[in-house]
Amino acid sequence: TGCGSGDDDGTESGEPKRGGRLSYAINVETSSLDPAFCGVQSFDRCAPIFGTLLRYDLEKKEFVGQMAESFESTDGKTWTLKLRPNVTFSDGTPFDAEAVVFNWDRIKDPKTLSPSLRIAQDMTWAVTDPQTVTVTLEKANYQLPWALVRGLSAIGSPAGIQKAGANVSNSPVGAGPFVLKKWTRNSQLELERNPNYFETGLPYLDELVIKVIGPDDQRLNALRSGEIDVNWSLLTKDARTIEAEGGYEIYRVPLVGGTGLQFNLNDPVVRDEGLRKAMLMAFDSAQINNAVYPGDEPVDAFLRPDAPERDDALGKFPDKNLAEAQRLFDDYLARTGKSSETVTFTCYAGLPALEQVAQLIQSQMQQIKGLTFKIDAVDGASLSVASNKREFQTIMGATLSQEMDRLYEVFHSEGSLNVMSYSNPTVDEALELTRSSDDKDAVTKAYQTVVGELSKDGPLRTWRYQTGHLYVNEDVKGIVVAGTNSGASAYFQYAWMD
Amino acid sequence: MNVRALSRHASSVARFFILLFLVTVAVFLLLELIPGSPVDAILPPDATPEQVAAARAQYGLDQPIWERYLSWIGGVLQGDFGRSYQTGLSVAETIAERAPVSLELAFLSILVALAISIPVGVWSAYRPGGLLDRVSTFTISATLATPAFVLGILLVYLFGVQLGILPILGWTPFSEDPVEHIQRLILPVLTLAAGECVLFTRLLKGDMMATLQQDHVLSARARGLPTWRILLRHALRQSSFSLVTVSGVVIGRLIGGTVLVEAIFSLPGMGTMVITAIHSRDYIVVQAMVLLTAVVYLLINTAVDVTYPLLDPRVRKVRTS
Amino acid sequence: MAGSGTAHLRDQEDVVLSVRNLIVEYAGRRGERVFAVSDVSFDARRGETIGLVGESGCGKSSVARAIMQLPAPTSGSIRLDGVEVAGLTGSALRRQRRKLQMIFQDPISSLNPLRKVKDIIGEGLRIHGGLSRVDIESRTQAMIERVGLDPATAAERRPHEFSGGQCQRISIARAMVLDPEVLICDEPVSALDVSVQAQIMNLLEEMKERYQLTMLFIAHDLAVVKNLSDRIVVMYLGKVCEVGTSDDLFASPAHPYTRALAQSIPEPDPEAPIQEAALSGDLPSPLNPPTGCRFRTRCPLAQEVCEAEEPQVREVRPGRFAACHFPLDASAGVPHLAEHAVA
Amino acid sequence: MSTDARPKVGDAATTTEPRPAGNLLEVESLRVWFDTPRGLVRAVDGVDLTLRRGETLGIVGESGSGKSVLSRAIMKILAPNAHVLPGSHIRLNDVDLATVNPKQNRHLWGVDLSMVFQDPMTSLTPVLPVGKQLTETLRYHLKLDKGAAYTEAVRLLRLVGIAEPEKRFHQYPHNLSGGMRQRVTIALAISCSPKLLIADEPTTALDVTVQHQILNLLADLQEKSHMSMILITHDLGVVAGRTDAIAVMYAGRVVETAPTPRLFANMRHPYTRALIDAIPKVSLPSHTRLASIPGRPPVVIDPPPGCGFAPRCPSAQQRCLEQTPVLEPDPDAPVHSTACFFPLGTPEGRAARERNIAAGVTAAGTPVASEVVV
Amino acid sequence: MTEIVQQRTSPDTPLAPALAGATEVGPVRRRRRRRDIGAAFGVIWIGLVVLAAITADWLPLRDPNEVTDAFSAPPSGEYLLGTDAIGRDVLSRIVHGARISMAVAIGATSIALVIGVSLGMVAGYFRGAVDSIISMFVNFMLAFPPLIFLIALVTALQPGLVTLVVALALLGVPNFARVARANTIAFADREFVTAAKALGAGPLRILTRELLVNVILPVMSLALVVMATLVVAEGSLSFLGVGIPPPAPSWGGMLAAGRESLSEHPLLVLIPALFFFLTVFAFNRLGDWARGRVGRESSI
Ligand SMILES: Nc1ncnc2c1ncn2[C@@H]1O[C@H](COP(=O)(O)OP(=O)(O)OP(=O)(O)O)[C@@H](O)[C@H]1O
Ligand SMILES: Nc1ncnc2c1ncn2[C@@H]1O[C@H](COP(=O)(O)OP(=O)(O)OP(=O)(O)O)[C@@H](O)[C@H]1O
Ligand SMILES: [Mg+2]
Ligand SMILES: [Mg+2]
């Protein structure tokens with residue numbers, strides 16, 4: 001594949017101007033700028049500093065080279081990473097095959113505690129020449145390029161990493177368009193132009209400031225008051241408001257999956273098919289969206305209707321049908337000899353929107369007579385503990401991602417993120433095919449199967465099709481949008497201020 | 001200084017350290033009660049068993065609690081507060097970076113609160129039932145009933161969005177841009193000060209009213225001294241004991257974190273740090289913070305004790321209760 | 001004087017209260033010692049009223065409280081009916097308290113503002129037990145009546161509904177309901193109006209006769225002390241100056257301090273000549289009392305010996321005891337008082 | 001008027017000037033009521049007084065009789081809940097104080113009028129050194145500079161008999177004894193050479209010996225500077241030898257007023273008499289039964305009609321319960337006024353008293369024992 | 001001896017006309033009346049709130065957790081105070097929420113009061129070593145950052161009403177202990193305590209019979225202020241996610257839930273805030289009134 005800088009520039013009007021300071025707001029702080037953590041945890045903070053080896057072009061729907069020139073394979077097992085010549089890190093050291101291998105080795109070392117370890121686990125690599133790294137897999141995986149957009153994408157200067165020692169999370173040295181000026185955690189990250197950035201003339205901006213503003217409406221306020229130029233959001237209703245106000249460009253990135261109600265299929269109660277079906281039939285995503293996410297479509301299957309990977313013939317979430325739900329539940333009671341049942345729902349505390357959703361789900365579930373649906377609201381850390389240890393009956397969980405390949409880890413019976421303990425041979429098989437096949441149509445077909453099965457089985461019931469949004473002040477041009485694990489972001493080296 | 005005084009000093013120093021010891025032990029035990037361990041919060045959901053083992057070893061979580069306490073306290077005694085599990089940063093540095101923000105916020109809001117409540121309190125005490133008194137009583141109740149998160153959001157909406165005259169979020173260090181620094185402080189300081197004003201005005205008014213009934217105030221009036229002079233020079237100082245005491249407690253509390261306000265205004269203070277730390281089970285940060293707040297509290301309390309005799313020469317030394 | 005000594009103690013068998021070598025010291029602010037009472041002795045016979053006078057801060061209240069063991073004195077002996085009270089603690093002390101009661105200076109602050117009068121008066125009976133509720137009630141009522149309060153309404157009210165004089169009556173009732181042998185009155189009328197003062201003094205006199213009370217009566221108003229007492233002890237800075245019978249003590253003082261006190265008494269008589277200030281300066285600090293005679297710093301008659309040597313209480317005239325190196329003789333009386341006394 | 005031209009207290013040069021004559025202070029039907037939760041307190045309820053230049057007036061009365069309120073009304077430092085009723089007049093130097101505006105008022109205080117309070121322990125500001133309090137007043141009223149104020153303050157401290165004034169200057173009130181504090185308050189009061197000094201029970205809180213010193217000091221200062229003085233006390237013994245005239249107050253009213261010698265020689269009001277009789281005297285033998293006044297000092301909240309003393313008065317008749325006697329000059333001696341229908345030493349008085357003794361009870365229902373009545 | 005018969009109306013005194021012309025008496029009266037009215041308002045309002053809390057289940061109200069399809073509806077005949085973001089009746093939630101708000105305010109305050117006053121009185125009466133130990137405890141509690149304490153405790157013990165009340169009560173103890181100690185010290189020096197000792201009363205008797213009544217009055221006025229603060233604190237805790245878990249209605253929870261849509265649906269914040277305000281105001285009025293009473297009592 002070819003590389004390209006500023007492919008999208010042509011769509012913007014006017015001549016790019018150099019200079020200026022752009023402020024961008026997101027909702028949570030990241031804990032680390034260690035390149036070994038970057039790929040998974042924070043695209044927004046890391047991409048400007050380290051760049052990404054590859055970029056997924058949302059328009060062309062294909063991978064393009066970014067920091068690297070290309071990443072190609074013929075059999076899905078052996079991959080060749082070609083680097084660009086004469087790229088240097090901001091500390092002057094060369095961005096070469098050694099550097100890539102150094103970073104990846106670090107990730108593979110359990111002591112680094114890198115969240116990308118799972119991705120690197122099955123890979124082996126070797127430096128072929130200063131511009132080439134050869135990667136070998138045991139099993140073919142044509143989805144591997146995603147790893148170079150995400151988990152393994154950030155390459156930091158080995159010299160910089162060694163020098164920083166224990167402080168590595170705070171002193172990133174990359175070859176990306178910007179260099180770190182100052183990081184005030186929980187407040188803002190200030191970046192300035194990397195003068196040695198390899199794409200000549202870029203970035204346009206002198207400075208990029210990334211602010212952390214938790215509440216959605218505070219971010220909107222900040223956008224309106226001019227405090228920030230670009231706002232991150234997941235809320236369709238805000239997009240509508242902002243659109244109506246005018247003066248802003250809105251970018252949308254459709255995401256795969258969303259936040260939903262997950263069942264623990266190992267749980268002696270919830271594993272019961274009939275009970276689960278009853279609950280799925282009581283679920284009313286339209287109500288949730290109307291109340292909490294006005295403007296969002298009701299969800300009837302795992303993927304949005306226009307997704308090519310969705311084929312309604314293969315399966316949809318069961319329609320809401322209270323009578324049937326009650327019948328199934330009564331059946332369940334009769335079968336188990338119980339007179340009532342209690343199901344606990346572990347969810348986030350302290351986030352109003354999610355609390356409201358939880359309460360709505362509770363009221364929907366409790367329309368089934370005899371079913372008590374208990375809310376157990378806990379903080380984020382407790383929630384992830386419960387999830388990781390599979391100590392829950394039902395839980396509020398997310399499978400937010402831009403890429404379909406994520407489904408492998410979440411729903412394959414061996415998947416590392418399969419907290420639901422979901423196991424379906426058809427799904428397993430289809431997921432394996434998505435990796436082993438080079439045939440795009442076959443892969444799409446396989447995903448259609450997966451989506452259909454998931455929708456039928458409902459180990460996870462989402463309530464809205466999530467979309468990442470960027471609200472961008474009209475004066476900001478040249479936004480190249482990227483999908484991330486948490487929504488939309490941008491490659492800011494192409495952005496400029498009018 | 002005689003032996004008695006020396007031994008009194010020694011005992012108060014001893015009390016100081018015993019308290020710190022108790023506080024640190026208590027926080028260790030309390031954190032132990034919370035479900036989940038730092039490892040759960042640090043590692044990704046798909047962490048491998050090797051990673052879990054590595055993490056436990058790295059943070060010493062495989063040791064019993066008392067050993068962890070000892071090694072922590074040993075580090076602290078040598079000035080080493082450890083590194084955050086979550087961010088890998090030196091805890092001391094992190095605190096050093098954030099403490100100034102919290103300190104400035106705390107002191108400024110106390111100053112603003114005092115600047116408002118002293119005149120209001122003094123005048124309401126002088127003219128109880130007067131216009132100012134009534135207006136302030138009403139405002140006080142209203143402010144009491146408006147939690148910081150509501151007030152802060154209202155202020156942001158009013159000044160930042162509707163009027164557009166003040167920046168609403170974030171922090172600019174003084175060294176970078178003093179004007180912006182001040183501008184960004186205004187709303188958070190006002191939000192915090194509003195809450196404290198309430199208490200201060202009440203306390204001062206109460207004590208002041210008692211003082212104003214004393215003969216010496218009457219006597220100063222009978223000497224024809226101007227009202228303001230009587231109020232400020234003859235009555236205020238001895239009426240400010242509760243005010244000073246409470247200011248001390250409040251400063252201590254504010255320095256420990258003004259979580260809500262920090263969250264609303266995205267300020268890099270210690271409050272958000274602590275909350276994040278607790279939520280991510282980053283105990284080492286929490287412990288350092290608790291230790292720090294306790295030290296600050298105790299020091300401020302001592303400072304307050306020292307202030308009493310300055311306020312009223314009749315008091316030699318009031319023992320902190 | 002301002003000296004020590006026990007020459008004035010009597011040795012009859014009807015001595016009910018005997019205070020010997022009483023010393024009271026307090027811890028001062030910076031760990032210094034306040035020498036509030038330094039070696040004071042006196043005694044009281046059954047039915048006798050001992051008056052204790054002196055300037056403010058000379059230790060009158062300290063003596064009273066030491067006798068009450070509130071708090072216990074630093075050292076010294078206090079015998080009540082021959083029983084040593086000093087050093088008693090706990091229930092042994094509480095038993096003796098029945099015999100020894102006290103009335104305080106401030107009638108209002110010595111009554112719990114939030115309790116009913118009948119509870120205040122009956123409290124002692126309840127503490128010492130052995131009585132049924134009905135008995136307590138009836139005794140309380142009787143005592144309320146005896147001190148001149150309206151038994152119908154007073155019992156249910158609280159102290160703040162009463163005037164100072166009435167409060168003092170309640171205090172007296174509270175002390176008398178236990179039927180004590182010795183009553184200590186620490187300035188019981190100082191806070192009262194003249195008109196009420198007379199009522200209370202008459203009441204005390206009445207009580208004393210009725211119950212054969214032995215009283216220690218403290219006041220700074222010499223006329224008041226004189227009126228109620230049989231024998232007066234003059235104190236100065238923690239020590240005894242002079243002891244004598246009340247009728248002639250002020251008319252012919254033997255101690256220069258007593259004379260100064262007597263000269264300062266204002267008489268409600270426009271014809272009485274105004275005396276030059278009898279004493280100059282202030283009471284020295286009890287933290288650091290003068291050596292020798294404690295009065296010497298203000299005494300017009302002071303000589304070197306007064307600094308070097310502490311005078312002991314001795315009988316300077318029959319029935320008159322003074323601690324002074326240079327006691328005045330009987331003819332050096334206070335003119336206006338002597339005149340009236342003769343008249 | 002230029003303050004510099006005023007004679008300074010204690011200046012030797014001024015002590016030989018003759019006494020100016022005439023009335024300095026005239027109080028006319030003064031009524032001060034307080035609005036309190038329990039009702040209207042008629043603290044001062046129709047008081048008439050005059051004070052001649054250079055003279056001393058003693059005001060005597062029991063606690064709560066309105067002495068302090070009277071003096072505070074003259075000083076215009078009443079509590080906010082006080083209400084001076086219309087028709088009340090206080091004239092100082094023929095100026096009606098009600099007409100003085102607040103600004104001039106400032107200079108009335110300290111310069112024309114000043115006051116010594118009852119309790120020396122509480123009437124000095126505890127947080128300022130005593131010298132500071134003196135110089136503050138001096139600088140404010142007399143516009144002295146720092147140095148001059150200091151010199152003057154030290155002079156005043158010495159004048160009131162404080163040893164080592166330079167050292168005491170820097171001390172706080174709590175470092176001084178009660179007597180010294182009262183001296184300081186006196187120094188403060190006379191610092192701007194007032195024309196009228198009101199001493200409200202200046203010695204009640206002090207010991208006999210100190211009381212004696214302070215009273216002598218006041219007399220001395222007054223003598224030297226021709227101040228007029230009002231000496232308030234509840235102790236007739238204090239005023240006996242030190243005043244030119246005496247007003248006896250009861251329940252917010254003046255019940256008897258006369259030049260001091262005449263009052264003592266010729267008491268008209270039964271209350272004055274009773275007050276004297278109730279005081280224990282050193283000159284009397286011990287255990288003398290005191291002639292106490294029955295009942296208790298009156299409550300001045302919404303008082304019933306009639307003479308306030310009637311319920312306690314051994315001469316009380318039906319009329320005393322129904323009508324309120326006004327202060328009327330004695331026909332024989334106009335300087336002597338009494339507010340009584342049955343004054344002592346008159347035939348009506350004697351008759352009334354005898355009638356009551358015969359009945360054993362007064363018209364108000366108070367028992368009268370013959371022995372009590374002198 | 002006779003008492004003076006108090007006659008409240010006296011025909012011969014020109015009371016009414018004199019006052020009619022008076023200008024200074026009015027404000028004083030008005031102020032007092034205002035205070036009494038304030039206290040009356042306080043009693044009535046808090047009475048109503050408590051009554052509502054107790055009888056919430058029997059009142060003709062919707063189920064506070066019943067979700068309808070009228071989301072964030074403005075007040076109307078059907079929903080008197082409108083509905084919240086997920087269509088629940090705000091009025092009903094306010095009434096039921098009073099239960100938690102009052103339980104927190106009154107429950108935590110009472111527990112804190114009982115423990116704090118006992119500690120404070122014992123410390124203040126015995127002084128010495130007992131005092132040192134208790135003061136140490138009080139200082140310890142004060143030195144510990146309250147928020148950390150709360151979050152840690154609530155997280156450890158599972159959020160819920162009981163946990164919250166216990167945690168807030170523990171935090172309140174030092175304040176009550178301080179006030180009780182200070183007042184005990186002040187009163188222990190008063191002569192009536194000495195008098196009780198002179199009668200032979202032991203420490204327990206003195207503490208309970210003589211001191212408690214006197215100490216409790218100033219403590220009560222603190223308690224009213226503390227209650228007011230706790231009503232608000234419960235709300236702030238919801239913000240941090242350690243409040244009462246949903247869907248149980250609480251005023252603080254309602255306020256916190258509404259905060260993110262303040263600009264769209266201000267009523268969702270303003271209505272609970274108004275109830276907050278009225279309740280805090282009522283507690284304050286009561287506090288003022290109690291303080292006034294205490295002042296009157298002790299000034300006599
Ligand atoms: N608890 C105490 N601690 C320290 N010093 C005390 C204490 N009680 C009394 N004193 C001091 O002891 C001395 C004697 O006090 P005491 O109260 O006995 O005097 P008094 O003669 O009763 O005076 P008064 O007439 O003012 O009541 C005084 O100097 C007083 O300051
Ligand atoms: N600010 C006030 N509010 C209400 N009542 C007051 C006020 N000041 C004084 N009084 C009342 O006025 C009456 C007269 O008080 P005043 O102080 O003049 O008495 P006094 O003669 O000076 O008594 P004492 O000898 O006790 O000083 C008393 O009943 C008192 O309670
Ligand atoms: Mg005494
Ligand atoms: Mg008075």
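The rules behind each value
- Residues numbered from 1 in each chain as written.
- Chains lettered and ligands numbered in written order.
- Predicted model: local features only at pLDDT ≥ 70, side-chain atom pairs only at ≥ 80, totals over all residues.
- Heavy atoms only, no water.
- Helix = DSSP H or I, 4+ residues; strand = E, 2+ residues; numbered from the N terminus.
- Buried < 20%, exposed > 50% of the residue type's maximum accessible area, 1.4 Å probe, protein only.
- Contact = heavy atoms within 4.5 Å.
- Areas by Shrake-Rupley, 256 points an atom, 1.4 Å probe, with all protein chains shown as cover.
- UniProt positions renumbered as here; feature names shortened; annotations may be inferred.
- Near = heavy atom within 4 Å.
- Polar contact = N/O pair within 3.5 Å; in protein donor to acceptor, adjacent residues only side chain to side chain.
- Buried area = accessible area lost by both parts, 1.4 Å probe.
- Salt bridge = Lys/Arg side-chain N within 4 Å of Asp/Glu carboxyl O.
- Disulfide = S-S within 2.5 Å.
- Pairing = 2+ DSSP bridges.
- Axes fitted to C-alpha atoms, helices over the stretch in contact; angles between N-to-C directions.
- Parallel < 35°, antiparallel > 145°, perpendicular 65-115°, else oblique.
- Left-handed = near helix turned anticlockwise from the far one by under 90°.
- pLDDT = per-residue confidence, 0-100.

A. Fine view of the overall build of chain E. Broken down by element type, chain E carries ten helices and zero strands. Starting at the N terminus, the α and β elements of chain E follow one another as α-α-α-α-α-α-α-α-α-α. Counting the 300 residues in chain E, one finds 56% classified as buried. Taking the intrachain contacts of chain E between residues at least 6 apart in sequence as the baseline, contacts between residues at least 24 apart amount to 71%. Put simply, chain E shows about 11,900 Å² of open surface, and 68% of that area lies on carbon and sulfur atoms.

B. Highlighting the UniProt feature "transmembrane region" (unreviewed entry) in chain B. All names here are of chain B. Within this numbering scheme, the UniProt entry marks residues 12–31, 105–126, 138–165, 185–204, 241–265 and 285–311 as carrying the feature "transmembrane region" (unreviewed entry). Overall, residues 185–204 shows 100% helix and 0% strand. The separation of its end C-alpha atoms is 26 Å. Span residues 285–311 is 100% helix and 0% strand, its end C-alpha atoms 38 Å apart.

C. Structural detail: the site of ligand 2. Residues and elements named next belong to chain D. Looking at ligand 2, there are 17 residues lining it, with Ser63, Gly64, Ser68, Val69 and Glu201 nearest. One nitrogen or oxygen atom from the main chain of Gly64 is found 2.8 Å from an oxygen atom belonging to ligand 2. Between Glu201 and ligand 2, the recorded distance is 2.7 Å, taken from a side-chain N or O atom to an oxygen atom. Bound to the protein, ligand 2 loses 69% of the 630 Å² it would expose on its own.

D. Expanded view of the interface of chain C and chain D. Taken residue by residue, the interface counts 52 residues in chain C and 45 residues in chain D. For the pair chain C and chain D, the summed buried area comes to about 3,900 Å², and 56% of that belongs to carbon and sulfur atoms. The tally of links from chain C across to chain D stands at zero salt bridges. Along the contact surface separating chain C from chain D lie 16 residue pairs in polar contact (both at pLDDT 80 or more). Within the residue set of the side of chain C that touches chain D, elements represented by two or more residues are helix H7 (194–211), helix H8 (222–228), helix H9 (246–249), helix H10 (256–264) and helix H12 (335–342) of chain C.

E. Structural view of the state of the cysteines. Taken as a whole and assessed by the stated rule, the structure comprises one disulfide over all chains. In this model Cys38(A) forms its disulfide with Cys46(A); the gap between the sulfur atoms is 1.9 Å. In this structure, the disulfide formed by Cys38(A) and Cys46(A) twists by about -70° around the S-S bond and is classed as left-handed. Cys46(A) gets classed as buried once you look at its relative accessible area, which sits at 3%. No disulfide involves Cys167(C); its nearest neighbouring cysteine sulfur is the one of Cys185(C), lying 16 Å away. For the unlinked cysteine Cys306(C), the closest cysteine sulfur is that of Cys293(C), found at 5.7 Å. Judged by its relative accessible area of 6%, Cys306(C) falls in the buried class.

F. Here's a closer look at the UniProt feature "transmembrane region" (unreviewed entry) in chain E. All names here are of chain E. When the UniProt feature table is mapped to this numbering, "transmembrane region" (unreviewed entry) covers residues 37–56, 100–126, 133–154, 160–177, 211–233 and 267–286. Annotation note: span residues 37–56, helix share 95%, strand share 0%, distance between end C-alpha atoms 27 Å. Secondary structure over residues 133–154 splits into 91% helix and 0% strand, and the C-alpha atoms at its two ends are 27 Å apart.

G. Geometry of the sheet that holds strand S10 (residues 245–250) of chain D. Residue and element names in this part refer to chain D. Taking strand neighbours across the sheet as the criterion, the eight strands line up as S7-S8-S9-S3-S10-S11-S13-S12 in an open arrangement whose pairing is mixed. What marks the edges here is a single partner per strand, and that holds for strand S7 (113–116) and strand S12 (328–329). Across the sheet, helix H7 (residues 208–225) is in contact with strand S3 (56–61), strand S8 (196–200) and strand S9 (228–233); its angle to S9 comes to roughly 160°. Against the sheet, helix H10 (residues 270–278) makes contact with S3, S10 and strand S11 (253–259), and its axis sits at roughly 95° relative to S10, the strand it touches most.

H. Fine view of the packing of helix H8 (residues 178–212) of chain B against helix H11 (residues 241–255) of chain B. All names here are of chain B. For the pair H8 and H11, the least separation of the axes is 9 Å and the interaxial angle reads 160°. As far as their axial angle goes, H11 and H8 are roughly antiparallel. In this structure, H8 crosses over H11, and the sense of that crossing is right-handed. When H8 is examined against H11, the residues Leu192, Glu196, Leu199, Phe200, Leu203, Leu204 and Asp207 are found in contact with a partner set consisting of Ser242, Leu243, Val246, Ser247, Val250, Arg253 and Leu254.

I. The arrangement of the environment of Leu224(E) in detail. Inspection of the secondary structure assignment puts Leu224(E) in helix H8 (residues 203–239). Leu224(E) sits 30 residues away from Met254(E) along the chain, and the two C-alpha atoms are 23 Å apart.

J. View of the arrangement of the chains. Among the eight pairs of chains that make contact, the interface with the largest number of contacts is formed by chains C and D. At no point do chain A and chain C touch; the closest pair of C-alpha atoms across them sits 48 Å apart. There is no contact between chain A and chain D; across them, the least C-alpha separation is 47 Å.

K. How the structure looks around the confidence of the model for chain E. All names here are of chain E. Predicted confidence across chain E gives a mean pLDDT of 77, with 84% of residues reaching 70 or more. Mean pLDDT values for the elements of chain E range from 30 in helix H1 (residues 15–20) up to 90 in helix H3 (residues 90–126). Within the model, the stretch residues 1–28 combines pLDDT values under 50 with 46 contacts to residues more than four positions away or in other chains. At the level of chain-chain contacts, confidence expressed as ipTM amounts to 0.80, with global pTM at 0.81.

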